[in-house]
Amino acid sequence: MAMDFFIIQFQGDVAFTKQYNNCYLLCLVHAGQLTVHINKDLQILKRGQCLLVETPHFLTLNIHGHVQLAYVAVSSLDYIKRFLISFPLLFLYSTKKRLVVISLDKQQEHLMVGLLGYLWYRRQRIPSILKMDEEPFSMAWQLLFFALYENLTPKPYANASRQTQLFLAFLMEVKESKGKAHRIRYYAAKLCISTNYLSKVVKQISGQPPRYFIVHTILLESKKLFYTHKSLKEIAANMGFSSVHHFSAFFAKYTGMSPSAFMKRM
């Protein structure tokens, strides 16, 4: 049985060649520089840069360079679909590219390194594991995808349909709110359209309702705050909740555990 996900940690001189099929590939450089050949494409990655590749077909990966720390993570397409929030695929397909380089800010970089480091550690302890811990795995990809559309510019979508432009504008507004705006009507008003029309467009483009993206943003931003020294009361207020009780109930509804239980697992 093929593994759904595996991860490699690199330190020092790197000379790595591997072939993959039907997968998502992520390469992150934390300190150092890597030259990455993917079929006929060549990319040079420096600190804080991620390479995201989607390949439904055959892929030959060749990496060389010198790093203090870097990760390569590979997941089957079937497995990663469980955690996708749709817009990475939209980005890749609409620009007719399968390969994207993303520059992370320092907070995103350190969080991503922590998540990938945890996944690598888990893989080392249990080499035969077929499925990784889904929470950090999901969070790592969500963080990457949010970083991806933070780096988007309007240019690739100049010829996109009106519906696609509205969908991307909605995602941008969700990102800008950092999860503090919870209601669909807030985003509809920002885009000067009706709530019903926004719901229709988002569903048509992504297959998911607007609430899906709003909830994912709230959860992701909340989890990022868990890595700070803020109290639950401060985090709840920061995320736009009237009380810790309401925040905890929301978090438990969508993750299956309380914020306190989640933080104990970190």
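Residues numbered from 1 in each chain as written. Predicted model: local features only at pLDDT ≥ 70, side-chain atom pairs only at ≥ 80, totals over all residues. Heavy atoms only, no water.

## Quick look at the nonpolar core
With 31 residues, the main nonpolar core has F170, Y187, L198, F226, F241, F247 and F251 as its most contacted residues. Listed by contribution, the elements that provide at least two residues to this core are α5 (162-177), α6 (184-190), α7 (195-206), α8 (210-226), α9 (232-238) and α10 (244-255). The element contributing the most residues to this core is α8, with 7 residues. The contacts of F251, once residues within four sequence positions are left out, are L219, K223, F226, G256, M257, S258, P259 and F262. Within the second largest apolar cluster, 23 residues are counted, among which are V14, F16, V29 and I63. (Core = buried A, V, L, I, M, F, W, Y, C linked by side-chain atoms within 4.5 Å. Buried < 20%, exposed > 50% of the residue type's maximum accessible area, 1.4 Å probe, protein only. Helix = DSSP H or I, 4+ residues; strand = E, 2+ residues; numbered from the N terminus. Contact = heavy atoms within 4.5 Å.)

## Some remarks on a positive patch on the surface
A cluster of basic residues, R183, R185, R211 and K253, forms a positive patch at the surface. With respect to the helices and strands, R185 occurs in helix α6. Residue R185 is classed as exposed on the basis of its relative accessible area, which comes to 56%. (Patch = residues over 30% accessible without salt bridge, like charges linked within 9 Å, V, L, I, M, F, W, Y side chains within 5 Å. Areas by Shrake-Rupley, 256 points an atom, 1.4 Å probe, with all protein chains shown as cover. Salt bridge = Lys/Arg side-chain N within 4 Å of Asp/Glu carboxyl O. Lys, Arg positive; Asp, Glu negative; His and termini not counted. Charge placed at Lys NZ, Arg CZ, Asp CG, Glu CD.)

## Let's talk about the packing of aromatic side chains
A full pass over the atoms with the stated rule returns 14 aromatic pairs. With a centroid separation of 5.6 Å and 70° between ring planes, the pair formed by F167 and F213 is classed as edge-to-face. Residue F167 is found in helix α5, and its partner F213 is found in helix α8; the two are separated by 46 residues along the sequence. Comparing F167 with F213 shows no difference in burial state: the two are buried. Pairing F226 with F251 gives two aromatic rings, centres 5.5 Å apart and planes at 65°, and the pair type is edge-to-face. You can see F226 sitting in helix α8 and its partner F251 sitting in helix α10, a full 25 residues away along the chain. Note on accessibility: F226 and F251 belong to one class, buried. An aromatic cluster is built from F226, F241, F247, F250, F251, Y254 and F262, whose rings are joined through pairwise contacts. (Phe/Tyr/Trp six-rings, centres within 6.5 Å; stacked < 30°, edge-to-face > 60°.)

## Some points on the confidence of the model for the chain
With 76% of its residues at a pLDDT of 70 or more, the chain has an overall mean of 78. Taken element by element, the chain is modelled with least confidence in helix α2 (residues 87-94), mean pLDDT 47, and with most confidence in α6, mean pLDDT 95. With pLDDT under 50 throughout, residues 85-96 is counted as low confidence; its partners more than four residues away or in other chains account for 38 contacts. Between residues 128-132, whose pLDDT stays under 50, and residues either more than four places distant or in other chains, the model counts 18 contacts. (pLDDT = per-residue confidence, 0-100.)

## Brief notes about unusual backbone geometry
One non-glycine residue, K178, adopts positive backbone phi at about 55°. Relative to the assigned elements, K178 resides in the loop between α5 and α6. Classification of K178 as partly exposed rests on a relative accessible area of 42%. You will see that C192, though not glycine, has its phi angle at about 60°, which is positive. Within the secondary structure, C192 sits in the loop between α6 and α7.

## A few points about the pattern of salt bridges
Side chains bearing opposite charge may pair, as long as their charged atoms lie close to each other. Throughout the structure, instances matching the rule amount to 2 salt bridges. The salt bridge partner of R47 is E109, with a shortest N-O separation of 3.0 Å. Residue R47 is found in the loop between β2 (41-45) and β3 (49-76), and its partner E109 is found in helix α3 (residues 106-125); the two are separated by 62 residues along the sequence. Owing to a relative accessible area of 48%, R47 belongs among the partly exposed residues under this scheme. On the basis of relative accessibility, which here comes to 4%, the residue E109 falls in the buried class. With a shortest N-O distance of 3.6 Å, K224 and E221 are connected by a salt bridge. Of the two residues, K224 and E221 both sit in helix α8, 3 residues apart, roughly one turn of that helix. Given the relative accessible area of 9%, K224 is considered buried.

## Notes on α10
Compared with an ideal rise of 1.5 Å per residue, which puts 12 residues at 16 Å, α10 spans 16 Å between its outermost C-alpha atoms and is within 8% of the ideal. Of all the residues in α10, the buried ones are F247, S248, F250, F251 and T255. Along α10, the residues classed as buried sweep out an arc of 165° about the axis, all on the same side. Seen from the buried face of α10, the exposed residues on the opposite side, beyond 90 degrees, are H245 and K253. Of the residues flanking the end of α10, it is G256, one or two places downstream, whose phi is positive at about 85°. (Expected span 1.5 Å × (residues − 1). Arc of directions from axis to C-beta.)

## Notes on the pairing of strand β1 (residues 5-38)
Pairing geometry for β1 and β2, over 5 bridges, is antiparallel. By the bridge assignment, H37 is partnered in β2 with L42. Linking two consecutive strands that pair antiparallel, namely β1 and β2, is a turn of 2 residues; a positive phi of about 55° is found at N39 within it. (Pairing = 2+ DSSP bridges.)

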